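Next come the chains, spelled out residue by residue.
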Amino acid sequence: MFDRAKLSEENYSKTSDIIPHATEATGFEAKLKAEREALLAAWIAFLELQRAKKVPFPPQYADAFYAATKVKKKDNYILNLLLEGKGLFISLLEKLDPRIANRIGLAEEITKIANYIRRIEELERELSFLKESFLRDKLTALWNKYALEKFFNEVVMQNIFEEDYLLCYFDLDNFKSINDRYGHKWGDRALIAFAEVLRKNLKPKDFPCRLHGDEFCAVIVGVTLDKFLPFAEELYEQGFALKFPDDIRQIRFSIGITNIIASDNLEKVLERADFSMYWCKENASLKPVRV
């Protein structure tokens, strides 16, 4: 027969090597903390590699990450029906011989269809104009904040895992002094001139916009922070010249830069970039920085 007491003693001896004693709680807690930090460091390293597109997300995570960035597009159902009808009527008119149509008494109906197509085309042009004017800043003709929100949700967040995105925040230095000395007309000219600086220096697929007053921003597409930073520093150093009634003045502006990441919303990104921009403004001798 086996000795229960002896077996129990042996089991306790084995498990005691695994389960810490109360007197070892401090050491065990330190060990857990070290393990946790090691796992966290490994996870951060993995995310950095994924962000650099050197390794993919594991399949079990990929679907969840991609689904989280999808934004449902709101279709204009009535307009889509009109456009579909226009396509069908155009196809019908192309197949009808006018002579046969006259012979069987369809001339009037064909005229009505042609007028219907023309009215839909006019509506398309009008809606396109209204949409464009709604999304454009009236003074500078850059995109406005409504357009930025649309671009951020429907383009940036839809492609955040396939493309690199940065957000730059710009603020003209001492802009109030221009208005005070020369008047708001010249202040507006300074804003228009800066908008032109952005157009000339940014890529066609970048997204510059005027937020309000003398504050602008731009979504920079397809470039990492390290590669964009030298260009931003050069832009920061150069400023731009504008001819005033009494002199040509060099106008400077502060820049804040931040990465856009998958967990962001527009408010978070603007807040980080704005903070970075104010750091730049308060430390004028230093270069643009990221947050």
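Shown above is the structure to which this text applies.
Report on the accompanying structure. (Residues numbered from 1 in each chain as written. Predicted model: local features only at pLDDT ≥ 70, side-chain atom pairs only at ≥ 80, totals over all residues. Heavy atoms only, no water.)

1. Quick notes on helix 10 (residues 225-238)
Note the following rule: Going along the chain from the N terminus, every DSSP run of H or I of four or more residues is numbered as a helix, and every run of E of two or more is numbered as a strand. Expected helix span is taken as 1.5 Å per residue step, with the number of steps being one fewer than the number of residues. Summary of the burial criterion: residues with accessible area below 20% of their type's maximum are buried, those above 50% are exposed, and those between are partly exposed, where the area comes from a 1.4 Å probe applied to protein chains only. Directions drawn from the helix axis to the C-beta atoms are what define this arc.
In this model helix 10 runs 20 Å from its N-terminal to its C-terminal C-alpha over 14 residues, within 8% of the 20 Å that 1.5 Å per residue would give. Residues of helix 10 that are buried: Leu225, Phe228, Ala232, Leu235 and Tyr236. Viewed end-on, helix 10 has its buried residues packed into an arc of 100 degrees, placing them on one side of the element. Away from the buried face of helix 10 by more than 90 degrees, exposed residues Asp226 and Lys227 are located.

2. Side note on the packing of aromatic side chains
Convention followed: Any two of the Phe, Tyr and Trp rings considered here, Trp counted by its six-membered ring, make a pair once their centres fall within 6.5 Å; the pair's planes then place it as stacked at under 30 degrees, edge-to-face at over 60, or tilted in between. To sit over a ring, a charge needs its Lys NZ or Arg CZ within 6 Å of the ring centre and within 35 degrees of the ring normal.
Under the defined criterion, the tally for this structure stands at 13 aromatic pairs. Ring centres of Trp143 and Phe207 lie 5.4 Å apart, and the angle between their planes is 5 degrees; this geometry places the pair in the stacked category. Of the two residues, Trp143 is situated in the loop between helix 6 (107-135) and helix 7 (145-156) and Phe207 in strand 2 (residues 207-212); the sequence distance between them amounts to 64 residues. Residue Phe207 is classed as buried on the basis of its relative accessible area, which comes to 9%. Aromatic pair Phe228 and Phe231: ring centres 5.5 Å apart, planes at 55 degrees, arrangement tilted. Here the residue Phe228 and the residue Phe231 both occupy positions in helix 10, the gap between them amounting to 3 residues, near one helical turn. The exposure class assigned to Phe228 is buried, which follows from its relative accessible area of 8%. Following the ring pairs from residue to residue traces out a cluster consisting of Phe170, Phe194, Phe216, Phe240 and Phe253. The positively charged end of Arg136 is found above the aromatic ring belonging to Trp143, 3.5 Å away from the centroid. A cation over a ring is seen here: Arg189 above Trp186, with NZ or CZ 4.2 Å from the ring centre.

3. Digging into the sheet that holds strand 2
The criterion, for reference: Any two strands with at least two DSSP-identified bridges between them are counted as paired. An axis is simply a line fitted to the C-alpha atoms; with a helix, the fit covers only the stretch in contact. Between two such axes, the angle follows the N-to-C directions and lies from 0 to 180 degrees. By the convention used here, residues are in contact when the closest approach between their heavy atoms is within 4.5 Å.
Read from one edge of the open sheet, 4 strands run 2-3-1-6, paired in antiparallel fashion. Every other strand in the sheet has two partners, leaving strand 2 and strand 6 (253-259) as the edge strands with one partner each. Geometrically, the sheet is characterised by an average inter-axis angle of 20 degrees between neighbouring strands, direction not taken into account. Pairing between strand 1 (residues 165-172) and strand 3 (residues 215-221): 7 bridges, direction antiparallel. The partner of Tyr169 across the bridge, within strand 3, is Cys217. Of the strands in this sheet, strand 1, strand 2, strand 3 and strand 6 touch helix 9 (residues 184-201), which is tilted by about 155 degrees from strand 1. Along the sheet, helix 11 (residues 266-282) makes contact with strand 1, strand 2, strand 3 and strand 6, crossing strand 6 at roughly 140 degrees.

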